[in-house]
Amino acid sequence: MNILRNIKRQYDTVGGYKEFLGIAIPLIFSTGIGAVQLFTDRTFLSWYSQESFAASTPAGTVTWAIMCFFFGTLSYINVFVAQYYGKKEYRSIGPAIWQSIYLAFVAGLIVLLISFFSKAIFMNVGHPHLVACEEVNFFRVLCYGAFPCVAEGAFAGFYSGRRKTRVVFLASLCGVVLNVVLDFCLIFGKFGFPEMGISGAALATDISLTVVCIIYVLLITSKKNNAIYNTRCFNPDFSFMRRLLRYGMPSGADFFFDTAGFGIFMIIIGNLNRTELAASNIISTVNHVFIMPIVGCGIATSIMVGNYLGKNKASLAQVSVRSSVHIVYTYIAFVIAILVFFPNQLIYPFSGGSQVDLMEYIKPMVANLLIILAIYIVFDAGNIIFASALKGAGDTMFVMKRLLLFSISFVVLPTYINVVLLKQGVYVAWGFLLLSVIALAGSFYFRYKSNKWKKMRVIEMDIFDN
């Protein structure tokens, strides 16, 4: 009975389960359908050709590693919006959003320039020639959509920072539905569209992101939003841009180090045989599907921490983090059960088309890796939640430094030494990845418990509470 009373108390309290879920559920669905989009991309490509499927994870991960630096930097605008909203400085919100969009345009140009080096990136990593060619095509076309990709995260901050996360979900849903339809049409050449294979998957992503950005522009610049939030103020503010970069760049860098570390990990795995690369591709995709709802909870955690710190209510920010931890680990219990007891059902979607014989051969390997993944997700959940709480306050530099340290020392160097030099197998490589996330989770937890974040803000404040 005491447990039930404590649950009810935590549900109804300010910063409790009810409030957290109201913000988090649309974000969970939003990030979840993004995972479904990735899952669909790779499933369609596994049906199209073995080379396209093999190329999709390394090239997609490297592309995201590059773009996520800019995405993480500029989507950090949601913390500014959250703190402005908590402080009731509503007229500062609209101009802040447009500063992030100007920076997104610059980011798009930089990524477009990088795309010209696609052959140099993928033709020299030791992958089979046909796979490398597909990686080049996928990477190059995805880079064309860098601006809408980065801008979408910035536009979403206008709503998520104000806890209006249903709008973010609906916009994401529109984009994903369009992407899945275009995937089918452009990969296989259906309904009069050209058959483009892996390039078609990338083009579908670019088009859907552009449409989502157009939706956001129309909504944000409405007469009502302009009256309250000054959303038609397009004047550049270089002082604010510097402030956004000051706090956002470490956040973008930690996105980059995390994703780049995994991208390099997958490229190194590509030096093993085709079966181990295919098994790792499946585990990577399954992980993405299950971890994205936790990412949604992490975003909600940052928003609530930012809102309450904007109100000078650090104690309520702490309550919201506790709510997040309880809800996330309830979800994790179900995820572990699925990973351990239903491996064949997770492998099944990849077993069609050109992959039938290969998938039958690697089923035992995938089942073993899913057990490692179950342990990995337990610690990665804590990693995401506590890092999000720190970033919601502005403690982005600490998060960046730890991700850089552990990505190099636990992932990149050990994997290279054991896979490339010592010719160890896929289990050793995934074991080091597991060690890295355990170390990170511990580091972020102890930083959070130090309470230094309670005195931090990204906007100007006069007083602080405890």
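Just above sits the structure.
Residues numbered from 1 in each chain as written. Predicted model: local features only at pLDDT ≥ 70, side-chain atom pairs only at ≥ 80, totals over all residues. Heavy atoms only, no water.

*Asks:* Could you clarify how one ought to interpret the overall build of the protein in this entry?
*Replies:* If you tally the helices and strands in the protein, you get 18 helices and zero strands. Each principal axis of the C-alpha atoms in the protein carries an extent, and together these give about 60 × 50 × 40 Å. Classification of the 466 residues of the protein by burial places 58% in the buried group. Within the protein, contacts between residues at least 6 apart in sequence are counted, and of these 83% link residues at least 24 apart. Entry remark: accessible area of the protein is about 19,200 Å², with carbon and sulfur atoms responsible for 68%. Between the mean site of the 36 positive side-chain charges and the mean site of the 22 negative ones, the protein shows a separation of 13 Å. (Helix = DSSP H or I, 4+ residues; strand = E, 2+ residues; numbered from the N terminus. Buried < 20%, exposed > 50% of the residue type's maximum accessible area, 1.4 Å probe, protein only. Contact = heavy atoms within 4.5 Å. Areas by Shrake-Rupley, 256 points an atom, 1.4 Å probe, with all protein chains shown as cover. Lys, Arg positive; Asp, Glu negative; His and termini not counted. Charge placed at Lys NZ, Arg CZ, Asp CG, Glu CD.)

*Asks:* Sorry if this is basic, but what is going on with the layout of surface pockets here?
*Replies:* Empty space within the largest pocket amounts to approximately 150 Å³. As for the largest pocket, its lining consists of F69, F70, T73, L74, L103, V106, A107, I110, L245 and M249. Sorting the residues of the lining of the largest pocket by element identifies α3 (50–74), α5 (93–115) and α12 (238–269) as the ones contributing at least two each. Split by residue class, the lining of the largest pocket holds nine nonpolar, one polar and no charged. (1 Å grid on protein atoms, 1.4 Å probe; cavity = no way out; pocket = protein on both sides within 12 Å on 5 of 7 lines; lining within 4 Å. Points joined across faces, edges and corners; volume = space filled by probe spheres on them. Nonpolar A, V, L, I, M, F, W, Y, C, P; charged D, E, K, R; others polar.)

*Asks:* Would you mind showing me how to read the packing of aromatic side chains here?
*Replies:* Each aromatic ring pair is characterised by the separation of its centres together with the angle its planes make. With the rule as written, the count across this model stands at 29 aromatic pairs. Ring geometry for F155 and Y216: centres 6.2 Å apart, planes at 25 degrees, overall stacked. Of this pair, F155 sits in helix α8 (residues 146–160) while Y216 is found in helix α10 (residues 198–220), placing the two residues 61 residues apart along the sequence. One exposure class covers both F155 and Y216, and it is buried. The interplanar angle of 50 degrees and the centroid separation of 6.4 Å between the aromatic rings of F184 and F191 together place this pair among those described as tilted. Accessibility expressed as a relative area gives 69% for F191, which makes it exposed. Three or more aromatic residues joined by ring pairs form one cluster here, namely Y85, Y90, W98, F155, F158, Y159, Y216, Y229 and F234. (Phe/Tyr/Trp six-rings, centres within 6.5 Å; stacked < 30°, edge-to-face > 60°.)

*Asks:* Whenever I open this one, the nonpolar core confuses me. Can you help?
*Replies:* Among the nonpolar cores identified, the biggest contains 137 residues, and F80, L339 and I377 are the most heavily contacted of them. Looking at which element gives the most residues to this core, the answer is helix α16 (residues 356–393), with 18 residues. With near-sequence residues (within four places) excluded, I377 lies in contact with N287, F290, I291, I294, I332, V335 and L339. (Core = buried A, V, L, I, M, F, W, Y, C linked by side-chain atoms within 4.5 Å.)

*Asks:* Please clarify how a nonpolar patch on the surface should be interpreted in this entry.
*Replies:* Taken together, the side chains of F105, V106, L109, I110, L112, L113, F116, F117, Y144 and F147 make up a nonpolar region of the molecular surface, amounting to roughly 1,000 Å² of accessible area. Looking at which element gives the most residues to the nonpolar patch, the answer is α5, with six residues. For F117, the location among the structural elements is in the loop between α5 and α6 (118–122). (Patch = residues over 30% accessible without salt bridge, like charges linked within 9 Å, V, L, I, M, F, W, Y side chains within 5 Å. Salt bridge = Lys/Arg side-chain N within 4 Å of Asp/Glu carboxyl O.)

*Asks:* Would you mind going over the packing of α5 against α8 with me for this structure?
*Replies:* Each pair of packed helices can be summarised by the angle the axes make with each other and by the distance between the axes. For the pair α5 and α8, the least separation of the axes is 8 Å and the interaxial angle reads 165 degrees. Taken together, the axes of α5 and α8 are roughly antiparallel relative to one another. Crossing handedness for the pair α5 and α8: right-handed. Note on element contacts: α8 touches α5 through A146, F147, V150, A151, A154, F155, G157 and F158, opposite I93, I97, W98, S100, I101, A104, F105, G108 and V111. The residue makeup of the contact of α5 with α8, split by class, is 14 nonpolar, three polar and no charged. (Axes fitted to C-alpha atoms, helices over the stretch in contact; angles between N-to-C directions. Parallel < 35°, antiparallel > 145°, perpendicular 65-115°, else oblique. Left-handed = near helix turned anticlockwise from the far one by under 90°.)

*Asks:* I tried to follow the state of the cysteines on my own but got confused; where do I start?
*Replies:* Covalent bonding between the sulfur atoms of two cysteines defines a disulfide. This model, assessed by the stated rule, comprises zero disulfides. Counting only cysteine sulfurs, C143 is the nearest neighbor of C133, a cysteine outside any disulfide, at a range of 17 Å. A residue is classified by how much of its surface remains accessible, and C133, at 25% relative accessible area, is partly exposed. (Disulfide = S-S within 2.5 Å.)

*Asks:* Just to check I follow, could you spell out the pattern of salt bridges for this structure?
*Replies:* Pairing between side chains of opposite charge can happen when the charged atoms of each approach one another. Going through the model one piece at a time under the given rule, you end up with four salt bridges. With a closest N to O distance of 2.6 Å, R163 and E19 form a salt bridge. Of this pair, R163 sits in the loop between α8 and α9 (165–188) while E19 is found in helix α2 (residues 17–48), placing the two residues 144 residues apart along the sequence. When its relative accessible area of 23% is taken as the criterion, R163 is described as partly exposed. Take E19: its relative accessible area is 19%, and that puts it in the buried class. Across the pair E89 and K87 runs a salt bridge, and its minimum N-O distance is 3.0 Å.

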